[in-house]
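A structural walkthrough
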Amino acid sequence: MSFFLGLEVLILSLAAVVAGLGAAWITPEVIIRTTPLSPLTVKAVLWVLFAAFLGGVAVCIALWRQRASLTHLLKQPGPRGQVFITPYTVTQLATGLLAQELSGANFRVHLYPQQDGVSLRVFLRLPEEASISEVAERVQEILTAELSRRTGLKIQEVQVVIHGTTR
Amino acid sequence: MARPEELGEEGGRISIAKDVISTIAALAAGEVPGVFAPTGEAFSQGPARRHVDTELLGGRIRISLKVSVEYGRALPEVVQELQEKVKTEVERMTALPVEAVDVEVIHMVFPEERA
């Protein structure tokens, strides 16, 4: 787990513990003495905070698992030693390939782990006059063939998400 | 302090510091077309050597390099050439066997970054 993700999990877990203990143990007398709010409201807020912090921990752990699985996939053993192409490098390469093809379009590329390869999701904002099906097909073609050739990775799937148009 | 790696006892002992092996590896990496230090600078320059890690495993050397590769080149070919070059140069200059050269490609260098 990366340092910052680990730190986030630690802080969120501590906050969840504090909120959970507060919600479970704080007495109505203490609430009445310290705040103008009703004991029920305070307890409800504390439980909501507890759930939110726990949700944050779950999101961080899911993120970490996804990164770990991606890292594992991108490490390839070879006859002369291990080769690891970082997810950032693959994304950079995909971005470079698409930039040549999609001049004038806004896009971003996300990388996801699959069983024995990777999949890519391309979020595109195309010019109004562009043919969506042609562009999507071309994007899939370039990324599947060219990215695989340049990295040696198995590209299992390329999803194209058109999320708007540009003028 | 870097621990020296030792060669045979015949005619005296020769010690080679890990830093020396890392330097040889960095210089060899700098000779491979399209390979740069992670910062984008040439690998042969001084600070770039900190991206090379050398360890000794039962008398054999394992070298780990973090590199950037020029955009447009096929990574498997560049990495293979890099591993071969580093292994050959280190073995030639130290006479110590290189077990593996692990390579981590952490960045692509685009032409505009080099300008």
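What counts as what
Residues numbered from 1 in each chain as written. Chains lettered and ligands numbered in written order. Predicted model: local features only at pLDDT ≥ 70, side-chain atom pairs only at ≥ 80, totals over all residues. Heavy atoms only, no water. Helix = DSSP H or I, 4+ residues; strand = E, 2+ residues; numbered from the N terminus. Polar contact = N/O pair within 3.5 Å; in protein donor to acceptor, adjacent residues only side chain to side chain. Contact = heavy atoms within 4.5 Å. pLDDT = per-residue confidence, 0-100. Salt bridge = Lys/Arg side-chain N within 4 Å of Asp/Glu carboxyl O. Buried < 20%, exposed > 50% of the residue type's maximum accessible area, 1.4 Å probe, protein only. Nonpolar A, V, L, I, M, F, W, Y, C, P; charged D, E, K, R; others polar. Pairing = 2+ DSSP bridges. Phe/Tyr/Trp six-rings, centres within 6.5 Å; stacked < 30°, edge-to-face > 60°. Lys NZ or Arg CZ within 6 Å of the ring centre and 35° of its normal. Core = buried A, V, L, I, M, F, W, Y, C linked by side-chain atoms within 4.5 Å.

Quick look at the side chain of His107 of chain B
In this structure, His107 of chain B sits in strand E6 (residues 98-109). A distance of 3.5 Å separates the side chain of His107 of chain B from the side chain of Gln92 of chain A, its partner in a polar contact. Aside from chain neighbours lying at most four places away, what touches His107 of chain B is Tyr88, Thr89 and Gln92 of chain A together with Pro38, Val67, Ser68, Val69 and Glu113 of chain B.

Let's talk about the confidence of the model for chain A
Across chain A, the average pLDDT comes to 87, with 98% of residues at or above 70. When pLDDT is averaged over each element of chain A, strand E2 (residues 81-85) of chain A comes out on top at 91 and helix H2 (residues 28-34) of chain A at the bottom at 81.

With respect to the pattern of salt bridges
All names here are of chain B. In total, this model carries eleven salt bridges over all chains according to the counting rule given. Note that Asp102 and Arg62 form a salt bridge whose closest N and O atoms lie 2.8 Å from each other. Placement of the pair is Asp102 in strand E6 and Arg62 in strand E5 (residues 60-70), with a sequence separation of 40 residues. Between Glu91 and Lys87 there is a salt bridge; the shortest N-O distance is 3.0 Å. Remark: Lys87 and Glu91 occur in helix H2 (residues 75-94); sequence separation between them is four residues, near one turn of the helix. Of the residues examined, Glu91 reaches a relative accessible area of 29% and is grouped as partly exposed. Overall, Lys87 belongs to the partly exposed group, its relative accessible area being 23%.

Re the interface of chain B and chain A
On the side of chain A, 18 residues touch chain B, which itself brings 21 residues to the contact. On inspection of chain B and its partner chain A, the count reaches one salt bridge. Two residues, Arg80 of chain A and Glu84 of chain B, come together in a salt bridge whose shortest N-O distance is 2.4 Å. There are 16 residue pairs in polar contact (both at pLDDT 80 or more) connecting chain B and chain A. Counting residues per element, the ones that place at least two in the side of chain B that touches chain A are H2 and E6 of chain B. Top element by residues in the side of chain B that touches chain A is E6 of chain B. It accounts for nine residues. Considering only residue class, the side of chain B that touches chain A consists of twelve nonpolar, four polar and five charged. As paired strands, E2 of chain A and E6 of chain B are joined by three bridges and run parallel to one another. The residue bridging Val83 of chain A from the neighbouring strand is Val103 of chain B, located in E6 of chain B.

A word on the packing of aromatic side chains
Residues and elements named next belong to chain A. The final tally for this structure, using the stated rule, is three aromatic pairs over all chains. A ring pair is formed by Phe3 and Phe4, whose centres lie 5.3 Å apart and whose planes are at 75 degrees; its orientation type is edge-to-face. The same class applies to Phe3 and to Phe4, which are both exposed. Judged by centre distance (5.6 Å) and plane angle (80 degrees), the rings of Trp47 and Phe50 are edge-to-face. Taken as a pair, Trp47 and Phe50 lie in helix H3 (residues 39-74) at a separation of three residues, close to a single helical turn. On the accessibility criterion, Phe50 (25% relative accessible area) is partly exposed. Here Lys75 stacks its cationic end above the ring of Phe84, 5.4 Å away from the centre of that ring. If you follow Arg121 out to its NZ or CZ, it ends over the ring of Tyr112, 4.5 Å from the centre.

Some points on the nonpolar core
If you look at the biggest cluster of nonpolar residues, it comprises 58 residues, and the most contacted ones within it are Ile63, Leu65 and Val86 of chain B. Among all residues touching Leu65 of chain B, those that are not within four sequence positions of it are Ala25, Ala29, Phe43, His51, Val52, Val86, Val101, Asp102, Val103 and Glu104 of chain B.

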